[in-house]
Amino acid sequence: MNNSAVPVGDTLVLRGYFGVVDYVILVAVLLGSLVVGLTTGLRKTTGTRDFLTGGRDMNPIAVCLSLLGGVVSAISVQGNSTEMYLYGTQLWMNILGCLWGTFIVMFFTLPVLYPLNLVSMCQYLEIRFDSPLLKKLGSSAQIVNSIMYLGVCLYAPSLTLSSAIGIPLSMSLLVFGSICGIYITLGGVRAVIYTDVVQTLMMFLGVIVVVVQVLIELGGFAKVWDIAEKGGRLEFFNMDMNPLVRHTFWSVQVLGMYFVTSVLGISQPQFQRLSCVRSLRISQGLCVAFFIGLTILWSSFYFSGVVAYAAYADCDPVESGKIEKPDQIMAYMVGDKLSHLTGMVGIFVAAVAGALLSSLSSQANAMVVLIWEDFLSSWWIFAKMTQETATRMTKFLSAGMVFLAIGSALLVAQLGTLFQAAYSISGAIIGPFDGLFITAIGAPWVNAKGAISGFSVAVALNLWLIMGKFYYGAGKSEILPLSTAGCPMEEVLLRSPYNVSHFEDGVSLGIPTTTALPFNEMSEVEPSNDYLPIYDLSYCYLGSVGIIIVLVVSSVVSFITGPIKPSEVDVRLVNPRCFRIYCRLYGHKADSTELLSIKAQPQDFEGPKTLESPEMQWHGTGDNVVLDGKTASGFVDCTAGAETREKSDDLQR
């Protein structure tokens, strides 16, 4: 058996390492996902809402694992380890920033969004600003970015898998896409969540087993850590305040906080999961469990990069020509160091496959929700559909989303650099999209005109910043030293033509799947210093910049055009503390009804309401409801009940 990996095109040939046991492991994971999904699909749904959201009775443990599987993609498995290998461990400290982001979701966004019992989270924008345009802008932003993301997410791991099992890339895409399409079409979000359990466990098991085995091969933790320290890879407290430096302690705090706030608190796939449990308290508990799981998974990925560096500290596979790109380092290490252990290659490939399916199914299902709830369900041709017909329609859309993902991945294969550029540009709208929600919840004075203006300005500035980075080749950072001193001379002479002297910083503002997506091959121009220094701004700040721009511009425009007065604010749609501060600054004294509503908000909205609830008035055969004269698809009138009104009257007397 040849124990040296051979690069072909853009991938690493692992076929020589893939044996019968490896095939059995991979097939077992794929069949397990399919069986779980089909079993879940046999459960009869009560309508489109149940099919798309799963109701509010899902198992919290399964939901927690699904949250992790939906966020941690196959790109994370490979990308996070590459980050440690090339740039060192400073990014590892972003986990601390993730803790602050978890608090933001638990106590800022979730207490407002969960009680509304929405299907599409963008419906909140329509209700908060009384603007269908903002709802459609928000949905469009997520849909466009998701399409681009699915292409990148599906293509990269499929390339590795097709290489490992020896099938064409197109067939690999079709196999994984079909498996995912079958169970999300038949089972909806319930199938997605329960298959995520299998896939997330497999991903975690695969990475842990690989890291532990290589650690043993290299002589233990102490030796690996010592090699990494001598190689300059260990850095945790770079306190430099310069925002142009790629990674500092401060920049990765901002990145971690933004990451969790964006993907957990303001993301349709995760919103569906946080909303499908019985109470707000359980949903907040899921956030804590998510942070703990994310810490374990990411630490495993990060440490695997440290282990990879220790394994090749004196013979870098890229410089010596054994692989073509740094993000192949994990696959190469598995084949090079662990192929003598039966089934190890299969476990790693199965982990990548599990991460791929989990991300694909989560995003595809979320896109169906956005398209159906925010666009199609309100059209006259769909509005009069029966629940049974509407459910069939959403199943048809589910299948369509998977084929769209496959087509997007094939475009990545054909367009390469152009598609990556398009993905990064589309991601420029996600920071401003997050800013819309932060502003809507935390700035009660902002009106629709202000929100639209803030979003538009933020998108324009983000696009300008990203296109400037691309055009000038800005934002590049030198990688840490790599060595070929320990390589056989013939390997050095056959070194790869691929230039690893520097890589551009990740500039993805989209759904962050790895906290540092390398911006490789995005620009073929030589970097020039003849440009504005802001183009060198660390990618860690880009998402947060979009949020700040929306908040500032929308506030200024709102005060110019006439802010929403405290007496006009619906306290159910904003953060209570922010509302109190606004009242004090405005000089408005909240009356007893407002104060009681704020105080009672978390308790009144524990758990879902039923169709028989006297507080909820549904109109028509679809999911459209009327709240205080405003129509919103899928929105439940969660006004205070009779008991609360009686307490309010007593307090006034």
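Look above for the structure.
Conventions adopted
- Residues numbered from 1 in each chain as written.
- Predicted model: local features only at pLDDT ≥ 70, side-chain atom pairs only at ≥ 80, totals over all residues.
- Heavy atoms only, no water.
- Helix = DSSP H or I, 4+ residues; strand = E, 2+ residues; numbered from the N terminus.
- Buried < 20%, exposed > 50% of the residue type's maximum accessible area, 1.4 Å probe, protein only.
- Contact = heavy atoms within 4.5 Å.
- Core = buried A, V, L, I, M, F, W, Y, C linked by side-chain atoms within 4.5 Å.
- Patch = residues over 30% accessible without salt bridge, like charges linked within 9 Å, V, L, I, M, F, W, Y side chains within 5 Å.
- Areas by Shrake-Rupley, 256 points an atom, 1.4 Å probe, with all protein chains shown as cover.
- Salt bridge = Lys/Arg side-chain N within 4 Å of Asp/Glu carboxyl O.
- Expected span 1.5 Å × (residues − 1).
- Phe/Tyr/Trp six-rings, centres within 6.5 Å; stacked < 30°, edge-to-face > 60°.
- Disulfide = S-S within 2.5 Å.
- Axes fitted to C-alpha atoms, helices over the stretch in contact; angles between N-to-C directions.
- Parallel < 35°, antiparallel > 145°, perpendicular 65-115°, else oblique.
- Left-handed = near helix turned anticlockwise from the far one by under 90°.
- Nonpolar A, V, L, I, M, F, W, Y, C, P; charged D, E, K, R; others polar.

A. Local environment of the overall build of the protein chain. Assigned secondary structure in the protein chain consists of 24 helices and 6 strands. A total of 653 residues make up the protein chain; the buried ones form 60% of that total. Looking at the protein chain alone, contacts between residues at least 24 apart form 83% of all its contacts between residues at least 6 apart.

B. Summary view of the nonpolar core. In terms of nonpolar packing, the biggest core is built from 174 residues, with Tyr-124, Val-210, Leu-294, Trp-298, Val-307 and Met-333 touching the most fellow members. Look past the residues within four positions of Val-307 in its chain and what remains in contact with it is Val-211, Val-214, Leu-215, Leu-218, Val-224 and Met-333. Counting residues in each nonpolar core, the second largest holds 6 residues, with Ile-564, Val-571, Val-574 and Cys-583 among its members.

C. The arrangement of a nonpolar patch on the surface in detail. Where nonpolar side chains cluster on the molecular surface, the patch consists of Leu-96, Trp-100, Phe-103, Phe-107 and Met-257 and spans about 430 Å² of accessible area. For the nonpolar patch, the element with the highest residue contribution is helix H5 (residues 94-113), accounting for 4 residues. Mapped onto the fold, Leu-96 is located in helix H5.

D. Expanded view of helix H19 (residues 448-472). Over its 25 residues, H19 extends 36 Å from the first C-alpha to the last, a length consistent with the 36 Å expected when each residue adds 1.5 Å. Listed as buried for H19 are Gly-450, Ala-451, Gly-454, Phe-455, Ala-458, Val-459, Asn-462, Leu-465, Ile-466, Gly-468 and Lys-469. Positive phi appears at Gly-473, one or two residues downstream of H19, with a value of about 65°.

E. Fine view of the packing of aromatic side chains. Considering all chains together, one arrives at 26 aromatic pairs under this definition. When the ring of Tyr-472 is compared with that of Tyr-531, the centres are 5.5 Å apart and the planes differ by 35°; the resulting orientation is tilted. Here the residue Tyr-472 occupies a position in helix H19, and Tyr-531 occupies one in the loop between strand S4 (502-504) and helix H21 (542-561), the gap between them amounting to 59 residues. We classify Tyr-472 as partly exposed; its relative accessible area is 27%.

F. Seen up close, the state of the cysteines. Per the counting criterion, the structure on display carries 1 disulfide. Cys-287 provides the cysteine sulfur closest to Cys-64, a residue in no disulfide bond, and the two sulfurs are 9.6 Å apart.

G. The arrangement of the pattern of salt bridges in detail. Taken as a whole and judged by the stated rule, the model has 7 salt bridges. A salt bridge links Lys-135 to Glu-126; the nearest nitrogen and oxygen atoms lie 3.2 Å apart. For Lys-135, a relative accessible area of 4% gives the class buried. On the accessibility criterion, Glu-126 (11% relative accessible area) is buried. Among the ionic pairs, Asp-570 bridges to Arg-572, the shortest N-O distance being 2.4 Å.

H. Structural context of the packing of helix H18 (residues 430-442) against H19. Interaxial distance between H18 and H19 falls to 8 Å at its minimum, and their mutual angle equals 155°. As judged from the angle between their axes, H18 and H19 are roughly antiparallel. Along this stretch, H18 crosses H19, giving a crossing that reads as right-handed. Judged by residue contacts, Pro-432, Phe-433 and Leu-436 of H18 engage Ala-451, Phe-455, Ala-458, Val-459 and Asn-462 from H19. Here the contact of H18 with H19 is composed, by residue class, of 7 nonpolar, 1 polar and no charged.

I. Looking closely at the packing of helix H9 (residues 221-230) against helix H12 (residues 280-311). H12 packs onto H9 with a crossing angle of 75° between their chain directions and a minimal axis gap of 9 Å. When the interaxial angle is binned, H9 and H12 end up roughly perpendicular. Residue-level inspection shows Phe-221, Val-224, Trp-225, Ile-227 and Ala-228 of H9 in contact with H12, the latter providing Phe-303, Val-306, Val-307, Tyr-309 and Ala-310. Its residues placed into classes, the contact of H9 with H12 shows 10 nonpolar, no polar and no charged.

J. Molecular detail of the side chain of Gln-268. Within the fold, Gln-268 resides in helix H11 (residues 268-274). Each residue touching Gln-268, except ones within four places of it in the same chain, is listed here: Val-119, Ser-120, Met-121, Gln-142, Ala-366, Val-369 and Leu-370.

K. Just helix H14 (residues 344-376), in detail. If you check H14, its first and last C-alpha atoms are 47 Å apart, about what 33 residues at 1.5 Å a residue would give, namely 48 Å. Of all 33 residues making up H14, 32 are buried, and the element is well covered by its neighbours.

L. Local environment of unusual backbone geometry. Despite not being glycine, Asn-117 has its phi angle at roughly 55°, a positive value. Looking at the element boundaries, Asn-117 is found in the loop between H5 and helix H6 (123-129). The exposure class assigned to Asn-117 is buried, which follows from its relative accessible area of 11%. One non-glycine residue, Asp-130, lies in positive phi territory at about 55°. The residue Asp-130 is located in the loop between H6 and helix H7 (132-165) in this model.

Distances and angles like these do not, on their own, reveal function.
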